[in-house]
Structure formats: structure tokens, C-alpha cells
Amino acid sequence: MKTPPHVTKHIFITGGVVSSLGKGITAASLGLLLARRGYRVRMQKLDPYLNVDAGTMSPFQHGEVYVTADGAETDLDLGHYERIAGVACTRDSNYTTGRIYSAVIARERQGGYLGKTVQVVPHVTDEIKAAIASMDGGDVDIVITEIGGTAGDIESLPFLEAIREYRQAIGRQNGLFIHLTLVPFIKAAGELKTKPSQQSVGILRTIGIIPDILVCRAEQHLTREHREKLALFCNVELNLVIEEIDVARSIYEVPLDLARQGADVYILEMLDLHVRPLDIRDWEAMLAAQLNPESGVAEIALVGKYVSLKDAYKSVCEALTHAGIAHRVEVRIRRVESEDIEKQGCEPFLQGVHGILVPGGFGDRGIEGKIAAAQYARTRGVPFLGICLGMQCAVIEFARNVCGLDRANSTEFDPDTPHPVVDLMEEQKRQAAKGGTMRLGLFPCAIGEATKARAAYGAAEVGERHRHRYEFNNRYREQMETRGMVFAGVNPSSGLVEAVELAGHPWFVACQFHPEFQSSPLKAHPLFSSFVGAAMAFRAPACRTE
Ligand code: GLN
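Now for a quick tour of the structure. (Residues numbered from 1 in each chain as written. Predicted model: local features only at pLDDT ≥ 70, side-chain atom pairs only at ≥ 80, totals over all residues. Heavy atoms only, no water.)

Let us look at the side chain of E464. As for its placement among the helices and strands, E464 is situated in strand β19 (residues 461-468). Buried and unpaired, E464 has no salt bridge, with R465 as the nearest side chain of opposite charge at 6.8 Å. A polar contact of 2.6 Å, which involves the side chain of E464, links it to the side chain of Y457. Residues within four places of E464 in sequence aside, it is in contact with G441, L442, F443, Y457, F513, H514, P515, Q518 and H525. (Helix = DSSP H or I, 4+ residues; strand = E, 2+ residues; numbered from the N terminus. Buried < 20%, exposed > 50% of the residue type's maximum accessible area, 1.4 Å probe, protein only. Lys, Arg positive; Asp, Glu negative; His and termini not counted. Salt bridge = Lys/Arg side-chain N within 4 Å of Asp/Glu carboxyl O. Polar contact = N/O pair within 3.5 Å; in protein donor to acceptor, adjacent residues only side chain to side chain. Contact = heavy atoms within 4.5 Å.)

Let us now look at the environment of I142. Tracing the backbone through its elements, the reader meets I142 in strand β6 (residues 142-147). Separated by 33 residues in sequence, I142 and G175 place their C-alpha atoms 9.4 Å apart. The residues touching I142, leaving out its near neighbours within four places in the chain, are K9, I11, L34, Y39, R40, V41, R42, L268 and L273.

Of all 5 residues in strand β11 (residues 241-245), 5 are buried, a share of seventy percent or more. With 5 bridges connecting them, strand β10 (residues 213-218) and β11 associate as parallel partners. Of the residues in β11, the one forming a bridge with L214 is V241. Viewed along the sheet, the connection from β10 through helix α8 (residues 224-234) into β11 turns out right-handed. (Pairing = 2+ DSSP bridges. Right-handed = clockwise from strand over helix to strand, strands pointing away.)

As summarised here, the arrangement of the 7 strands in space is β5-β2-β6-β1-β7-β10-β11, forming an open sheet in which the pairing is parallel. A strand with exactly one partner marks an edge of an open sheet, and here the two such strands are β5 (94-96) and β11. Pairwise comparison of adjacent strand axes, ignoring direction, gives a mean angle of 20° for this sheet. Direction of pairing for strand β1 (residues 9-15) relative to β6: parallel, over a ladder of 5 bridges. Counterpart to I11 in the pairing with β6 is I144. In this fold helix α5 (residues 120-133) packs onto β1, β2 (41-47), β5 and β6, with an angle of close to 155° to the strand it touches most, β2. (Axes fitted to C-alpha atoms, helices over the stretch in contact; angles between N-to-C directions.)

Formed by 47 residues in total, the largest nonpolar core has its most connected members in I11, I142, I144, I213 and I267. At 7 residues, the largest contribution of residues to this core is made by helix α1 (residues 23-36). Membership of the second largest hydrophobic core comes to 44 residues, among which are V353, A399, F413 and M480. (Core = buried A, V, L, I, M, F, W, Y, C linked by side-chain atoms within 4.5 Å.)

Neighbouring the ligand are G360, G361, F362, C388, L389, Q392, E412, R467, H468, R469, Y470 and H514. With respect to the ligand, the side chain of E412 contributes an N or O atom lying 2.7 Å from a nitrogen atom. In this structure, a nitrogen atom belonging to the ligand sits 3.3 Å away from a side-chain N or O atom of H514. Elements that contribute at least two residues to the shell around the ligand include exactly α16 (389-401) and β19. Broken down by class, the residue content of the shell around the ligand amounts to 4 nonpolar, 5 polar and 3 charged. (Near = heavy atom within 4 Å. Nonpolar A, V, L, I, M, F, W, Y, C, P; charged D, E, K, R; others polar.)

In this section: the packing of aromatic side chains. This structure, assessed with the given rule, holds 9 aromatic pairs. Aromatic pair F60 and Y306: ring centres 5.5 Å apart, planes at 80°, arrangement edge-to-face. Here Y306 lies in the loop between β12 (297-304) and α12 (314-327) and F60 lies in helix α2 (residues 59-62), a separation of 246 residues in the sequence. We classify Y306 as buried; its relative accessible area is 8%. Where W507 meets F531, the ring centres are 5.6 Å apart and the plane angle is 40°; that geometry is what we call tilted. With a gap of 24 residues between them, W507 in the loop between β22 (497-502) and β23 (508-511) and F531 in helix α20 (residues 526-545) connect regions that are remote in the sequence. What makes W507 buried here is its relative accessible area of 4%. Taken together, F12, Y166 and F177 form an aromatic cluster joined through their ring pairs. Sitting over the ring of Y39, R276 keeps its end group 4.1 Å from the ring centre. Directly above the ring of F443 sits R439, whose terminal nitrogen or CZ lies 4.6 Å from the centroid. (Phe/Tyr/Trp six-rings, centres within 6.5 Å; stacked < 30°, edge-to-face > 60°. Lys NZ or Arg CZ within 6 Å of the ring centre and 35° of its normal.)

The subject of this paragraph is helix α3 (residues 77-85). Burial within α3 is extensive, with 9 of its 9 residues counted as buried. Note on α3: the residue one or two positions beyond its end, G86, has a positive phi of about 70°.

Close contact between α1 and α3 brings their axes to 8 Å; oriented N to C, the two are set at 30°. One way to sum up the angle between α1 and α3 is to call them roughly parallel. Crossing geometry of α1 relative to α3 is assigned as right-handed. Residues G24, I25, A27, A28, S29, G31, L32 and A35 of α1 form the contact with α3, whose participating residues are D77, H80, Y81, I84 and A85. Its residues placed into classes, the contact of α1 with α3 shows 8 nonpolar, 4 polar and 1 charged. (Parallel < 35°, antiparallel > 145°, perpendicular 65-115°, else oblique. Left-handed = near helix turned anticlockwise from the far one by under 90°.)

Laid out in C-alpha cells, this is it:
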């Protein structure tokens, strides 16, 4: 007898040996496979740091801050869940130690534990279990919960204890442990080594977790001997030692790789769920398109201030890749540090690119370089996409150099500017606390007729995600409009400017929102797609002269 479908099953994914193994991509890839086998999947990340959410961390710490539709500032792995698994995330999809402790301490202050000593076990672990249970629901079949950090970290312990207890309560047929580990290749020995994985599983075992499935990241294929060794010492069945070979070409290969090894089938069987057919042909076609870019290369300059860290602009880079897939072109990203432009000018860094993208960011470092990049794009007709801070820089540039508003600026960078073309809204001026207080999440945007944005979206109203404090200052709207700035997107209720364009420019669109958070490999975001299309068109004359 199969389990009735209303029982929500849980999969817990832990990581071992080293960080950055790609737990998020593995979790998301499994999520995709299970969803494509007809199960309703939800995904969640538990992060063992003390920040209440990722919003107060610099991108240099953990990469970009991903924003959900309901306005949570979260770990970037949620981006993988939404893009790869196609699973919508909410505020409940990401809990941190800080958030868990805040709830426990607030309850203690309210007398919620009156008379008791409040402890990590059971009070903190109960709170973690409640966070996991918050993912359950009548219509949810499978919840995948990824535990951040690495087995052996002090910070992870309460989370590991909580998932141990959780599985104990729901039973083996309703809960699975997957451990993602590294099987390093040691050059001097010319061999793959299984010992770190054995030790990592050993750590989990001391706290009562025995992984059911081992997913092994490796540079080379595991031999039968490696698998036997891992199975024997890690206490897993031989066929449940799954390998995850480094994908040289695309992370979107990972789901297909896992499917080839039957990982999703084993999971369903262990969870006592029917193995329904897997239809993933669209994903295969998408991957084939990505790996065979018939239309050549489009080179896009990403002018940022955190470019040295690969993950800092994760969603932006992914969205560019998606647009490339849609156009069957390889989008090559030229990462440009905006401070370098400040020192040496645009030419050495932007020469020859087919499009310029200025992404979001905070603080005044590198701002003048971004403004110079916007000017370069405007005056030379290079396709330009400005996102959030990128739009603010484009507006400042236009105010200074087209409208003659000397020293125009955002009050974020120059509080005494005579022309605050970007400024705080009244409600933000009253806001002293930094955490979770920006304009966050999905807001509607009315798109003007006969604009580039309208052509891209093909819709008069869209919903896009936001994460910013400052806004275009509507006092300057008329003046800028007269000089050729097009106000293409406006919030229908507040009148806040959400997107601007330049009349007479081949493709210059800048938006206050973050379109990158709603792009996926199967459905490139319209603005990114249109931008890359414009970059391809821009590239053509250059190709002819070569
Ligand atoms: N720093 C700017 C603001 O707060 C832009 C934010 C962003 O780019 N996400 O408005």
C-alpha cells in the first residue's frame, strides 16, 4: 500500500567537507525532478548565521541578497529554487539562527515560557521544527529543506538536532537525509579520496543523523571501488551513492545528470511515493540551446562595485544567460569594476562591448564610474540596462549632462546636493532601523505605450520586485521629460517612477525594480531578452567592419 498523498514528505539536505559545494543547485535540481514527476514541491533554506536575514550583509559576505515576491531579503540559494525548480519562495523559505532566536527571545519576554529555563534544546530546536513545519500544507507533497553551512560547524548544531528530531517524529518513510559531500582528487596520489566523506558522515552520526543518500561532488567519475567504500563506511546502500561530477558547461546540466543516475526515483521509492513519469523535454531543449549558441557571442559589460566576487550579481548573470538562451547567443560578461573607470575612464573597459548593464548597489564607492558608464552608453548609442542603483545613476547622469543641473546627485551619495534628483521618500526619512526597512517585494508598475519596455513586456501592467530606499524625485520629472527622458514605468497608486528610457536611443532602459529576480532558463525575463536582442543588433555593424 502506498502512503496516502496528503502526507507531506520531507527531504533534508546537509553539506560536508567544504562549503560552496553547490547544495543549493543540487537541492533545486532535485526539486525540479520531483516537480516534473507531478509532485507539489516547496523549498526552504535554514541558515546558521545570526543576522535575522541576509539583508544587512554586504554582497562580499554571501553573494547577492535575493528578494522574494513577498519582500523577504534572503539567501541566494532561493534564486536557484525559483529559477531551477520553478518553486515559488516566500518569507518562510528562509530562516536564520537570528530569526529563530529573535522569536524565542521575544516569546520569553512576553512570558511565553514562564517558569521555565529557556534552552537551545528544546526551545530553539522546537522553533526550528516549527519553521520546517510551516512549509507543510494540505497541497504540499514534498518539502526540501537545505541546511546551510558544513557538518561540524558549531553554528549548525541546533539545526541538525532539529532535523534529527523532525525525522524521528515523521518516520523514515516520510523523511530523508541527503548528504552532499566532496570526493577530492589528490594530484600527487593520482586518486580520488573518500576519507573526508567518511569523516563528515561520522560527524553526522555522532549527532544521530545517518544519511540515506550520499551525493558526491567530484572532478572525476567514481569507480565501483569508491562507491563500495563509501557505501560500506558511510552506511548507505551502494546505489544511493550518487555522483555529481563538476559540470564544465552549464549548471543546468545537473538535474539531467541526477536523473540519469535515478536519484529522483530512489527518493520517491524511499518516501513510498509513486514513481510517476518524468517529462523534462523542455529542459533538455533549453540546455541544447544554451550549449549550441548558433548566433555567436554578445558581450555585455557588467559595471559593478562587487565584481570581484562571482556570486555578488548571481541573478543578474543568470538572467543574462537566460536571455542568451532565448536568442541562441552566448552572452559573455565582461566584469568591470566601476572604480577602475573612475581612475582610467570608460574607453579601456567599455570599448567593443555590445551592451552595458549597471546593476544595483549601495553606498558611494564607485558611483562616479557607474555614472560615466551610463554617459558612455547614452552618447554612443550602446544598449544600456540600468537596474535600481543603475537607474539612479542614469538619472543623475542625464540631469547633470543633458539638463545642466550641476552637481545633481542622489542624497545617498551627496546629502547636500543642490539637485536631489534621487531622494528618500518621507516614510524612509523617518526610518532609523536598517534591517528589513527598504521598499521590498513585488509592486505593480504601469508601462507607458510606445516604450521599449511595453514592446518587451507586451503588457500594460507588470509586477516586479524591489529592494531600495531611494526614489526618483518627481519634482524633476517635467524638466527631464522635456529634454528626452521617457518615463516608461510608474507605480499606478503612488506615482513613483519605476522605469525610464531615452528618446532617440537604440535601447536605453533603466528600472528601479530588479527584473533579474523573475527570470528563469525556460522563460527569460522580457527586459533582459530585449536588451540582449538590442546588443545583438548593435553588434552587427561592428562585425561588418571587421
Ligand atoms: N542604494 C540605492 C537605494 O537604496 C539602490 C539600491 C539597489 O540598487 N538595490 O535606493
